[in-house]
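The chain contents come next:
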Amino acid sequence: MEQKKSIKKEVYALIAIIVVIVLLLLFVFRDSIFGTGTGYQDVISQYFTAICDRDFSSYTGTMLTEIASDYEDERADLEYSEYQYMDELYYDVFDEFGEDVAVTLTFGEATRPDDEYIDYFVESYEEIYGSSLNTTNVYGVYVNANFAGSLSESDIEFECFVLKTGGRWYMVGCDFWSEEE
């Protein structure tokens, strides 16, 4: 009888250990299993906030490694600090809205771009970087960005292109248009 109780305790302990291990594995690999983690809205927000803050590391942190490296190489070639580079890259934003520009984003629909657009992007990427991309998770996200600073304020509509690879979202492009009010 004592031996049966001991075996039952060992079985329950083994089950508990297996459950804990499974839960730990689910936690560690949750991004690739469930597709969670930083969402496309988060990466788009980081991108625009980095522009306003002139935060080069955060800005390039939204991009695929190869694209980010191009920005880093250009910055180094120009011998600019990270702040100077962002200031020059987006001088028109700071001239228009002021040095204290901030952005508020409103997200619209996320749609898959047409196949021609995706094919063109993939071909261009392969030509430039010599590697291919999995474009299963690529979307165009409509975003209204309200830029406001000491000089002016304006709403600008964007279509931001995001790609999910390796369980993480990246910015891969942004088209914009604005209407004069």
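These remarks concern the structure in this document. In this text the structure is predicted, and so the values were computed from the model without any measurement.

### Here we look at the overall build of the protein
Per the secondary structure count, the protein includes eight helices and four strands. Overall, the protein shows an N-to-C arrangement of helices and strands of α-α-α-α-α-α-α-β-α-β-β-β. Within the protein, the fraction of its 181 residues that count as buried is 31%. If you sum the accessible surface of the protein, you get close to 11,700 Å²; carbon and sulfur atoms cover 52% of it.

### Looking at the nonpolar core
Ile44, Phe48 and Phe147 are the most contacted members of the largest nonpolar core, which totals 42 residues. At seven residues, the largest contribution of residues to this core is made by helix α3 (residues 40-53). Filtering out sequence-adjacent residues up to four positions away, Ile44 remains in contact with Leu105, Phe107, Val141, Val143, Cys160, Val162 and Met171.

### Some remarks on the packing of aromatic side chains
What the rule picks out here adds up to 16 aromatic pairs. Pairing Tyr47 with Tyr59 gives two aromatic rings, centres 5.3 Å apart and planes at 25°, and the pair type is stacked. Of this pair, Tyr47 sits in helix α3 while Tyr59 sits in helix α4 (residues 56-60), and the two are 12 residues apart along the sequence. For Tyr59, a relative accessible area of 1% gives the class buried.

### Describing unusual backbone geometry
Excluding glycine, most residues fall at negative phi; most peptide bonds, likewise, are trans. Within the chain, Arg54 stands out as a residue other than glycine whose phi angle is a positive 55°. Within the secondary structure, Arg54 sits in the loop between α3 and α4. Phi is positive for Glu79, close to 60°, though the residue is something other than glycine. Among the secondary structure elements, Glu79 is positioned in the loop between α5 (65-78) and α6 (82-89).

### Focus: the pairing of strand β3 (residues 153-165)
Consecutive residues of a regular strand have side chains that alternate between opposite faces of the sheet. With 11 bridges joining them, strand β2 (residues 138-148) and β3 adopt antiparallel strand pairing. Residue Ala148 lies in a different strand from β3, and its bridge partner there is Glu153. The turn joining β2 and β3, which pair antiparallel and follow one another in sequence, is formed by four residues.

### Section: the side chain of Asn146
Here Asn146 is to be found in strand β2. Here the side chain of Asn146 touches Asp155 through a polar contact of 2.8 Å, side chain to side chain. Here Asn146 is in contact with Ala102, Val103, Thr104, Glu153, Ser154 and Asp155, once residues within four sequence places are set aside.

### Quick notes on the side chain of Thr135
Relative to the helices and strands, Thr135 is located in the loop between α8 (115-129) and β2. When sequence neighbours within four positions are dropped, the list of residues in contact with Thr135 reads Arg112, Ile118, Val122 and Leu163.

### Some points on the pattern of salt bridges
Across all of its chains, the model carries three salt bridges by this definition. Measuring nitrogen to oxygen at the nearest pair gives 2.7 Å for the salt bridge that ties Arg54 to Asp87. One end of the pair, Arg54, is in the loop between α3 and α4; the other, Asp87, is in helix α6, and 33 residues separate them in sequence. Look at Arg54 and you get buried, because its relative accessible area is 6%.

### Re a nonpolar patch on the surface
The grouping of Ile7, Val11, Tyr12, Ile15, Val19 and Leu23 at the surface amounts to a nonpolar patch, some 580 Å² of accessible area in total. In this structure, Ile7 sits in helix α1 (residues 2-28).

About the criteria used
- Residues numbered from 1 in each chain as written.
- Predicted model: local features only at pLDDT ≥ 70, side-chain atom pairs only at ≥ 80, totals over all residues.
- Heavy atoms only, no water.
- Helix = DSSP H or I, 4+ residues; strand = E, 2+ residues; numbered from the N terminus.
- Buried < 20%, exposed > 50% of the residue type's maximum accessible area, 1.4 Å probe, protein only.
- Areas by Shrake-Rupley, 256 points an atom, 1.4 Å probe, with all protein chains shown as cover.
- Core = buried A, V, L, I, M, F, W, Y, C linked by side-chain atoms within 4.5 Å.
- Contact = heavy atoms within 4.5 Å.
- Phe/Tyr/Trp six-rings, centres within 6.5 Å; stacked < 30°, edge-to-face > 60°.
- Pairing = 2+ DSSP bridges.
- Polar contact = N/O pair within 3.5 Å; in protein donor to acceptor, adjacent residues only side chain to side chain.
- Salt bridge = Lys/Arg side-chain N within 4 Å of Asp/Glu carboxyl O.
- Patch = residues over 30% accessible without salt bridge, like charges linked within 9 Å, V, L, I, M, F, W, Y side chains within 5 Å.

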